[in-house]
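Structure assessment
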Amino acid sequence: MQWRHKDLLDVSQLNADEVRHILTTAAYFREINSRPVKKVPTLKGRSVVLFFAEPSTRTKTSFDMAGKRLSADTFALGKSGSSIVKGESLKDTALTLQAMNPDGIVIRHSSSGAAQFLAERLECSVINAGDGRHAHPTQALLDALTFSRRWKGDFVGKTVLILGDIAHSRVARSNVILLNMLGARVRLCGPRTLLPPRLDTWPVEVFSDLLTACRGVDAVMCLRLQLERMHAGLIPDMREYSRTFGLGARHLRLAAPGCCVLHPGPINRGVEIDSDVADSAESLILEQVENGVAVRMALLFLYLTRKSPEMNQSGIPE
Ligand code: CP
């Protein structure tokens with residue numbers, strides 16, 4: 001498949017064949033990541049700027065690792081260490097980075113639409129590493145790889161419950177789109193104050209009771225309370241929240257046999273997920289992190305070689 005996209009802003013830009021192509025490519029890079037020597041020359045001579053204007057452990061480190069394992073040069077820039085603190089705008093920051101001729105910019109930003117803003121102004125590829133509450137496409141793709149490995153590629157007939165702070169979650173938004181595209185059903189559960197408006201337009205079932213929501217599901221994806229995006233006290237009492245919406249072993253007993261548990265991280269043990277569930281055999285939380293490196297290698301490969309048909313079409317050079 002010749003990759004046709006310049007930018008990755010959300011999974012809604014992709015079709016199911018393209019998603020499957022990303023997952024197949026990521027599976028190839030998973031194998032490379034299991035070798036004693038994990039570095040391949042695939043992107044030698046290419047450069048990627050990692051511009052993270054919001055904190056990140058998983059996404060930033062895995063993009064950095066992904067780039068380096070493909071022999072690309074990666075350059076990390078954070079908000080506090082950049083000239084944004086001296087008043088430079090996002091546009092001027094982006095144009096400045098563009099002038100250095102990188103092949104791609106990976107951006108995380110607190111404003112929904114920041115990645116699109118850059119994509120419309122820059123010639124290089126822009127990959128959205130999470131913008132406000134809008135989208136987190138690379139997270140949804142690594143979650144899809146995790147589900148795909150668990151379900152042997154078959155999403156049809158599977159039900160995924162997304163639990164917690166849906167209103168502020170870019171992970172939930174991207175996952176609802178992608179899981180539906182791949183044929184899974186999605187349930188949402190959370191307090192009314194943490195559900196987004198106009199949910200009737202989303203392709204989901206909505207539950208207010210966690211025990212009911214868990215019945216028969218094949219996977220539960222827990223979400224952190226995004227306190228940094230809450231401008232009012234939407235949770236009156238944290239202990240009450242964890243009693244009502246925290247995932248525990250008693251909930252999983254109502255799920256389908258083999259039900260797995262995911263969490264994009266960072267996790268808050270004892271709030272949205274009990275420690276014994278986070279550390280259980282059903283938990284795929286650390287496999288998600290592992291898959292994140294492979295998926296981001298696949299994305300850097302596809303987006304940065306889109307103008308090189310000899311690389312992009314003929315498989316992945318080792
Ligand atoms: N899942 C996720 O985006 O984690 P980080 O904020 O640590 O990157």
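Structure's up top.
Everything in this summary refers to the structure shown in the same document. (Residues numbered from 1 in each chain as written. Predicted model: local features only at pLDDT ≥ 70, side-chain atom pairs only at ≥ 80, totals over all residues. Heavy atoms only, no water.)

All of the buried residues in helix 8 (residues 238-245) are Y241, S242 and F245. For helix 8, the arc enclosing every buried residue in end-on projection is 95°, short of the 170-degree limit, so these residues lie on one face. When the buried face of helix 8 is taken as reference, the exposed residues oriented beyond 90 degrees from it are R239 and R243. Buried-residue contacts for helix 8 involve strand 5 (159-163), strand 6 (185-189) and helix 7 (210-214). (Buried < 20%, exposed > 50% of the residue type's maximum accessible area, 1.4 Å probe, protein only. Helix = DSSP H or I, 4+ residues; strand = E, 2+ residues; numbered from the N terminus. Arc of directions from axis to C-beta. Contact = heavy atoms within 4.5 Å.)

For the rest of this paragraph, the subject is the side chain of S280. Tracing the chain through its elements places S280 in the loop between helix 10 (275-278) and helix 11 (285-304). A polar contact is formed between the side chain of S280 and the side chain of E282, at a distance of 3.2 Å. (Polar contact = N/O pair within 3.5 Å; in protein donor to acceptor, adjacent residues only side chain to side chain.)

Of the pairings in the sheet, the one linking strand 1 (residues 47-52) to strand 2 (residues 73-78) comprises six bridges and is parallel in character. What sits directly across from V48, in strand 2, is T74. Considered for its hand, the β-α-β crossover made up of strand 1, helix 2 (residues 58-69) and strand 2 is right-handed. (Pairing = 2+ DSSP bridges. Right-handed = clockwise from strand over helix to strand, strands pointing away.)

A few words now on the sheet that holds strand 2. What the four strands build is an open sheet, ordered 2-1-3-4; its pairing is parallel. At either margin of the open sheet sits one strand with a lone partner, and together these are strand 2 and strand 4 (125-131). Direction aside, neighbouring strands of the sheet carry axes that sit 15° apart on average. Each of strand 1, strand 2, strand 3 (104-109) and strand 4 is contacted by helix 2, which is oriented at about 175° to strand 1, the strand it contacts most. Sitting on the sheet, helix 11 is in contact with strand 1, strand 3 and strand 4, with an inclination near 145° to strand 4. (Axes fitted to C-alpha atoms, helices over the stretch in contact; angles between N-to-C directions.)

Treat this as a map of the structure, not an account of what it does.
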